[in-house]
Amino acid sequence: MTPGAADGGAAGGAASHLSRLRSRHLLSAADLTAEEVLLILDTAGAMREVGTRPIKKVPALRGKTVVNLFFEPSTRTRTSFEIAEKRLSADALNISAATSSLVKGETLADTARNLEAMAPDIIVVRHQASGACHMLADICSSRIVNAGDGMHEHPTQALLDLLTIRDHKSTFAGLKVAIVGDLLHSRVMRSNVVLLTMLGADVWVCGPPTMMPAGIGRLGVTATSSLDAAVDGADVIMMLRIQLERMSGHFFPSLREYHELFGLSRARLARARPDVIVMHPGPLNRGVEIASDVADGPYSVILEQVSNGVALRMAVLYLIAGVTEGVD
Amino acid sequence: MATRSTPAAGQPPVLLKGGRVVDPARGVDGECDLLLRDGVVAETGRDLPVDGARVIQIPDGLVVCPGLIDMHVHLREPGQEYKETIASGTAAAVAGGFTGVACMPNTVPVNDHAGITSMILRKAAEAGLAHVYPIGAVTAGSRGEQMTEIGALRDAGCVAISDDGHPVAEALMMRRALEYASMFGIPVINHCEDPSLKGDGAAHEGHTAAVLGLRGIPGAAEEVMVARDVALSELTGGAVHIAHMSVAGSLRAVRSGKERGVAVTCEVTPHHFTLTDEQLTYDTNWKMNPPLRGSADRDAMLEGLADGSIDAIATDHAPHHADDKAVEFAEAPFGIIGLETAIPLVLDRLLHSGRISIGRIVELLATNPARILGLPGGSLAPGAPADVTVLAPDAATRVRKDTFRSQARNMPFEGWQLRGAVAAVLIGGRTVYVNGDVGAASAFDKS
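What you are looking at is a predicted structure, and each value in this text was computed from that prediction instead of being measured.

Undergrad: Let's hear about the nonpolar core: which residues, and what values?
TA: Within the largest apolar cluster, 74 residues are counted, with the highest numbers of intra-cluster contacts made by Phe98, Ile242, Phe273, Ile310 and Ile313 of chain B. Two domains share this core, each providing at least three of its residues, namely domain 1 (14–64 + 384–443) and domain 2 (67–373) of chain B. If you look at the next biggest cluster of nonpolar residues, it comprises 66 residues, including Leu41, Ala158, Leu183 and Ile216 of chain A.

Below, the structure written as structure tokens:
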């Protein structure tokens, strides 16, 4: 068992002994240690309280400039970051950049250099290319937070998923977590697999073989194309959004058959543990990967994930900024 | 026929004395003198008389072999001179130990017309360094729709045809090209990769690509087209040469074709027998096509080099400007340069590891490329061109891109410490390159 897994064994309750992160950036969940993950979750727990106050604001990041640089459309993640920044009193601004370097005629590196010249403290980046945040971190002295890069990672999503799981489960160790859907294209899956396996969970991934990344077995997960096997006895079920345009890439023949084989219905859910929680990073395709009565049903924690997103991102921004005061 | 550097009139003969000569075409490996006169090898043998020749006493430990030929490079001219020119590319070639390079037709415009071939040869003659052997396109614009005038291309100096980078996707077109080109005795070189299986892949489909979130190119994308081309070569009798082979399955298909006597040959690059995808990051200097494969595939390439089923080592020298590479991994162009790192990699990884002999190395880099492309070099027999590469197998090389003669710098070997170097290069009897880092190489100085 790795030291990470040992830490994870007590993750439900234990508080982290760290007070700061090693890295200036959050580029990838894979860069975090189990201790750092617990630190982020603990900090998020404290940040959650800020959202319950009549005046939802602390001065922690006052005078810090945070740029939300989004090259892909996003409502949920961008809003979540923006609210988190405002609750920390940062000066937040949003840039919705044109798509790719090739289309807009300015390279990503040049965009970064121009932003850098205006000296922001933190840049939150969403980009359609895997590795884009690493590239920015190489160029910029600003701190970079990955808000989703291509098919690579979406670390704050996975962290808020962990926060949500911890609210409901006493420990990560041995927890059966089933991640279901378009595994190939999912950055949410990659970040979650990294963190959940680090904390000792029993991670199952499930999807059609056409959407299963090569070599996925080496990620320390159990891969299956049987939804029943994945759901059987599961403590947590995480459904992934299916991109409707995937049908054109010969990934699956029809939404009807996809729902039939990989959609989470109430009947399927009955195989899981009685205290199962159902998660989804959104946006939902109702009736495709998840039936409405499951999404809206008693096991669903989908909206809790959204709420936790704000607190988690406050924690990440606070820790990345490296400030040590101003939360109270 | 392709350009030749003409020896200066009145240049005295050159006598290479006392070196270890390795010339597998004649089964030679031993101490031997070599008299170069009027641009050709005039005489070989022990203790040849000096007889007015300029004498170069070969220092101990160096190996004299036929001029090496890189049968797969991109010189970028015409059209992309900001990446490389024929002058800079051939300067890189001689600094890398190559007396000849075969250049792929994916220039702008594509070398699909005799006029472009002639222009390339004229520029190569002006540069006056390595011989340049143009490869013409299979189809107009390499669009896969209409066959080029292969006869005219051959007459203008093309030594093979290829739509490199744009595989000949349609089986019927490949069949016709093999049949038609066989009339001129030149091979069809194919970059084997099924375009639909490749899709918009950027890295080898495997664990590393899964972790990095990069779209994958499965090894089968190459293998299925190699298998097809072996079958079509068998059907037509036309010679097919598989460019930059990278996976074990392709090698199996080639071996099985060779066992049946099919006219198939293949090459592998130094990076594919040295690196694997395990080392991949988002550094675009590691992005090439075919991508770096897994260790089983890499080991299969090493085995094929050792057992003779791989015919040639070629660099796929693919210069790109730093700006082109300074973009997101998925958007960066494929390709790395290789002319100036190939020989140290070959000597370090293949000779000093004990995998293959120096004779086999010369076969892979001179004898076989000359045979496959029907070139005059590849041997030091009397009458052969006076193109000579002198290797220093034990000299230390530290890879430093700032010393490259290529205009480009895109490669993943910066700072590597390797055992083996090129000492000197003679073309047409004229010394065109001396490696100042190899002490003994001063014997070749032109003075």
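Undergrad: Describe the pairing of strand β2 (residues 91–96) of chain A, listing the residues and the values that go with them.
TA: Residues and elements named next belong to chain A. Bridge count between strand β1 (residues 65–70) and β2: six bridges; the pairing is parallel. Counted as the bridge partner of Thr65 is Asp91 from β2. Running through helix α3 (residues 76–87), the crossover from β1 to the neighbouring parallel element β2 is right-handed.

Undergrad: Quick one: what's the story with the environment of Gly287 of chain A, residue by residue and with numbers?
TA: Structurally, Gly287 of chain A is set in the loop between β9 (277–279) and α12 (292–295). Once the C-alpha coordinates of Gly287 of chain A and Pro253 of chain A are considered, the two residues, 34 residues apart in sequence, prove to be 16 Å apart.

Undergrad: Can you tell me about the pattern of salt bridges, naming the residues and giving the values?
TA: All told, the structure shown has 37 salt bridges over all chains when counted by the stated rule. In this structure, Arg175 of chain B engages Glu179 of chain B in a salt bridge whose closest nitrogen and oxygen atoms are separated by 3.0 Å. Here the residue Arg175 of chain B and the residue Glu179 of chain B both occupy positions in helix α4 (residues 171–182), the gap between them amounting to four residues, near one helical turn. By relative accessible area, Arg175 of chain B is classed as partly exposed at 29%. Ionic pairing is found between Asp311 of chain B and Lys258 of chain B, a salt bridge with its closest N-O pair at 2.6 Å. Of the two residues, Asp311 of chain B is situated in the loop between α10 (295–307) and β15 (312–313) and Lys258 of chain B in helix α8 (residues 248–259); the sequence distance between them amounts to 53 residues. Several salt bridges converge on common partners, so that one network encompasses Lys169, Asp235, Arg273 and Asp275 of chain A.

Undergrad: Could you give an account of the interface of chain A and chain B, with specific residues and numbers?
TA: When the parts of a complex come together, some accessible area is lost, and that lost area is often used as the size of the interface. Contact with chain A, which involves 22 residues of that partner, is made by 15 residues of chain B. Together, the buried faces of chain A and chain B total about 1,500 Å²; carbon and sulfur atoms form 59% of this surface. Three residues stand out in chain A for area buried against chain B, namely Met151, Ala214 and Arg218 of chain A, and they jointly supply 30% of the buried area on that side. Joining chain A to chain B, the criterion identifies one salt bridge. Salt-bridge contacts for Arg218 of chain A lead to Glu278 of chain B; the nearest nitrogen and oxygen are separated by 3.5 Å.

Rules of the game
- Residues numbered from 1 in each chain as written.
- Chains lettered and ligands numbered in written order.
- Predicted model: local features only at pLDDT ≥ 70, side-chain atom pairs only at ≥ 80, totals over all residues.
- Heavy atoms only, no water.
- Core = buried A, V, L, I, M, F, W, Y, C linked by side-chain atoms within 4.5 Å.
- Buried < 20%, exposed > 50% of the residue type's maximum accessible area, 1.4 Å probe, protein only.
- Domains from an automatic or database assignment.
- Pairing = 2+ DSSP bridges.
- Helix = DSSP H or I, 4+ residues; strand = E, 2+ residues; numbered from the N terminus.
- Right-handed = clockwise from strand over helix to strand, strands pointing away.
- Salt bridge = Lys/Arg side-chain N within 4 Å of Asp/Glu carboxyl O.
- Contact = heavy atoms within 4.5 Å.
- Buried area = accessible area lost by both parts, 1.4 Å probe.

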